[in-house]
Amino acid sequence: MASGLGVALFSSAVFGLSGSFAKALLETGWTPGAAVTARLTGAAVILAIPAIPALRGRWHQLRDNWLTVLLFGLIGVAACQLFYFNAVARLSVGVALLLEYLAPVIIVLWLWAASRKRPRPLTIAGTLLSLGGLVLVLDLTGAVKIDLIGVLWGIAAAVCLAIYFFITAKENDTLPPIVLASGGLMVGAVIMWLAAATGLLPMAFSTADTRLGPWVTPWWVALGGLVVLATVLAYVSGIVAARALGSKVASFVSLTEVLFAVVWAWLLLGELPGPIQLIGGLLIVGGVVLVRLDELRTPSGAGPAALDHANDVEPVP
């Protein structure tokens, strides 16, 4: 348990780096599409190395699960990352990630509307707490007006993350998690390149130096960190943590990603949400924690099972 907890915290810490590395590239002229495409392509190639042996020659597993891999790559990887990076381009990293973490609340509201069965009091309290936190994060009465387009991008990322949870929640013992992660990244990369080739996605790269904290570094340092640290190591350590702790406990620990992302953005970009936004962030995370706690109390086979296995494969923010 102790070693699994350490791995889970490490996974959250490196996942939290993605927004800072991406924004460092965006500030030098990279488009969000270019940053996402480079990240997915590099990570897919690296993760294919352990994924191929994991299949053990059973390539039919990919054929049998082609729809899951396709939806995971299209929505949970490509769209989710693209929307999040578009939000990061207009908002602070912390605010963008907090908006994305409204995904569990979206799931609760969707299940409520679809089943017409009112959630239990703890889930309702968590949902209301998170929605109240959202109001504070947006800081509508603050002196600095928040970018509405950036907010919409962040909420779109949350919707994609919610759909991702539904996709990965289905019990699936026929496809190893590392294979699903690698396949999804590969599908996402192909989709991004096709979108760029058809002119649907603006794609601009830059070789200008990036600034990370007090250091001015070559562009490939930020890109390498985005691919190796914030994607490959984050994925692998997240899978190890989920297997050691169980998906539900690992999903709780993954909430620390918000904290790590805010700290990294402060250290590497000089960004820090305002006091009201920080309080709102705490309310959002607190609300998600209440929803998770209520989920843990749900008897096997009952309640909102959409989150039961959501962290068997970590989402890439």
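In this report, we go over the structure that sits alongside the text. (Residues numbered from 1 in each chain as written. Predicted model: local features only at pLDDT ≥ 70, side-chain atom pairs only at ≥ 80, totals over all residues. Heavy atoms only, no water.)

### Comments concerning the overall build of the protein chain
Right, so step 1: A count of helices and strands for the protein chain gives 14 helices and two strands.
Right, so step 2: Each of the 317 residues in the protein chain was classed as buried or not, and the buried ones make up 53%.
Right, so step 3: Of the roughly 13900 Å² that the protein chain leaves accessible, carbon and sulfur atoms contribute 72%. (Helix = DSSP H or I, 4+ residues; strand = E, 2+ residues; numbered from the N terminus. Buried < 20%, exposed > 50% of the residue type's maximum accessible area, 1.4 Å probe, protein only. Areas by Shrake-Rupley, 256 points an atom, 1.4 Å probe, with all protein chains shown as cover.)

### What about the pattern of salt bridges?
Right, so step 1: Taken as a whole and judged by the stated rule, the model has two salt bridges.
Right, so step 2: Notably, a salt bridge pairs Glu 271 with Lys 23, separated by 2.7 Å at the nearest N-O pair. Here Glu 271 is found in the loop between helix H13 (256–269) and helix H14 (275–296), whereas its partner Lys 23 is found in helix H2 (residues 18–26), with 248 residues between them in sequence. Of the two residues, Glu 271 and Lys 23, both sit in the buried class.
Right, so step 3: Among the salt bridges present, the one from Asp 147 reaches Arg 90, with a minimum N-O distance of 3.2 Å. (Salt bridge = Lys/Arg side-chain N within 4 Å of Asp/Glu carboxyl O.)

### Observations regarding the packing of helix H5 (residues 66–90) against helix H10 (residues 177–197)
Angle between the axes and distance between the axes: these two values describe a pair of packed helices.
Right, so step 1: At a minimum axis separation of 7 Å, H5 and H10 run at an interaxial angle of 65 degrees. Note that H5 runs across H10; the crossing there is right-handed. Contacts between H5 and H10 involve Thr 68, Val 69, Leu 70, Phe 72, Gly 73, Leu 74, Val 77, Ala 78, Gln 81 and Leu 82 from the former and Leu 180, Ala 181, Gly 183, Gly 184, Leu 185, Val 187, Gly 188, Ile 191 and Met 192 from the latter.
Right, so step 2: Tallied by class, the residues present in the contact of H5 with H10 amount to 13 nonpolar, six polar and no charged. (Axes fitted to C-alpha atoms, helices over the stretch in contact; angles between N-to-C directions. Left-handed = near helix turned anticlockwise from the far one by under 90°. Contact = heavy atoms within 4.5 Å. Nonpolar A, V, L, I, M, F, W, Y, C, P; charged D, E, K, R; others polar.)

### Remarks on H10
Right, so step 1: Here H10 contains 21 residues, and its C-alpha end-to-end distance of 30 Å stays within 8% of the 30 Å for a straight helix at 1.5 Å per residue.
Right, so step 2: Taken from the residues just after H10, Gly 199 is the one with a positive phi, measuring 85 degrees. (Expected span 1.5 Å × (residues − 1).)

### Quick look at helix H8 (residues 121–138)
Right, so step 1: Under the 1.5 Å per step criterion, the end-to-end length of H8 is 26 Å for 18 residues, consistent within 8% with the ideal 26 Å.
Right, so step 2: With its phi angle positive at about 45 degrees, Asp 139 sits one or two positions after the end of H8.

These values are about where atoms sit, not about what they do.
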